[in-house]
Structure formats: structure tokens, C-alpha cells
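# Fold and geometry: a report
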Amino acid sequence: AEMSNVFWKREEAQNVRLRGSRCGHCGLIQFPMAQVCEQCHASDAMQEHPLARTGRIFTFNRDHLYDSPVQPNILAVVDLD
């Protein structure tokens, strides 16, 4: 499957460079990027924030049904440092 340049540019910071959002009011770091803070509900203080590159796998799934170029498709939830 091909990805449009517009979609690639919009998703690059989050999915390629592993960035989330940090609230300037309360300091909460969120992923995926958000416009509103989940903790203090501020909507004017979210800033792009680099996430850690190391962590521990919380859970994972091997999906043999999803149509992907490489089978199986493996997804993981990771607690970042």
C-alpha cells in the first residue's frame, strides 16, 4: 500500500520520529499527539515533545489475519522510559 505525501507529512512526527504532546500547564505527556490535555483539559498549551526510545513491552499481538506484506503483523504496547 502506498501513502500520500500529505498523510506522510502529517503523521511523520508522531509515527516516524516518535513524538507526543506535552501540556505546558500540568506537564502531562501524551501519545498519540493531542490538541487537548487529558489531565487538566487545557486546549492552548500542547507542545510537540520527543518520547523516549527505550522501554518495556506491556503487551503484544501477532495478527495472522490482517493483510500486510509481511506476515504475521505484530503490534505492541510499550511503556516508554
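Look a little higher up for the structure.
Throughout what follows, the structure given in this document is the object of discussion. (Residues numbered from 1 in each chain as written. Predicted model: local features only at pLDDT ≥ 70, side-chain atom pairs only at ≥ 80, totals over all residues. Heavy atoms only, no water.)

### Details of the nonpolar core
If you look at the biggest cluster of nonpolar residues, it comprises five residues: C23, C37, A42, A45 and M46. With sequence-adjacent residues up to four places away left out, A45 is seen in contact with R22, C23, G24 and H25. (Core = buried A, V, L, I, M, F, W, Y, C linked by side-chain atoms within 4.5 Å. Buried < 20%, exposed > 50% of the residue type's maximum accessible area, 1.4 Å probe, protein only. Contact = heavy atoms within 4.5 Å.)

### Some words on the pattern of salt bridges
Charged atoms that come close allow side chains of opposite charge to pair. As enumerated under the stated definition, the model contains one salt bridge in all. Here E48 makes a salt bridge to R19, at a shortest N to O gap of 3.4 Å. With E48 in strand β3 (residues 46-50) and R19 in strand β1 (residues 19-23), this residue pair connects regions lying 29 residues apart in the sequence. (Salt bridge = Lys/Arg side-chain N within 4 Å of Asp/Glu carboxyl O. Helix = DSSP H or I, 4+ residues; strand = E, 2+ residues; numbered from the N terminus.)

### Considering a nonpolar patch on the surface
Residues I57, F60, I74, V78 and L80 make up a contiguous nonpolar surface patch of roughly 490 Å² in combined accessible area. Those elements giving two or more residues to the nonpolar patch turn out to be β4 (55-63) and β5 (73-80). Top element by residues in the nonpolar patch is β5. It accounts for three residues. Relative to the helices and strands, F60 is located in strand β4. On the basis of relative accessibility, which here comes to 55%, the residue F60 falls in the exposed class. (Patch = residues over 30% accessible without salt bridge, like charges linked within 9 Å, V, L, I, M, F, W, Y side chains within 5 Å. Areas by Shrake-Rupley, 256 points an atom, 1.4 Å probe, with all protein chains shown as cover.)

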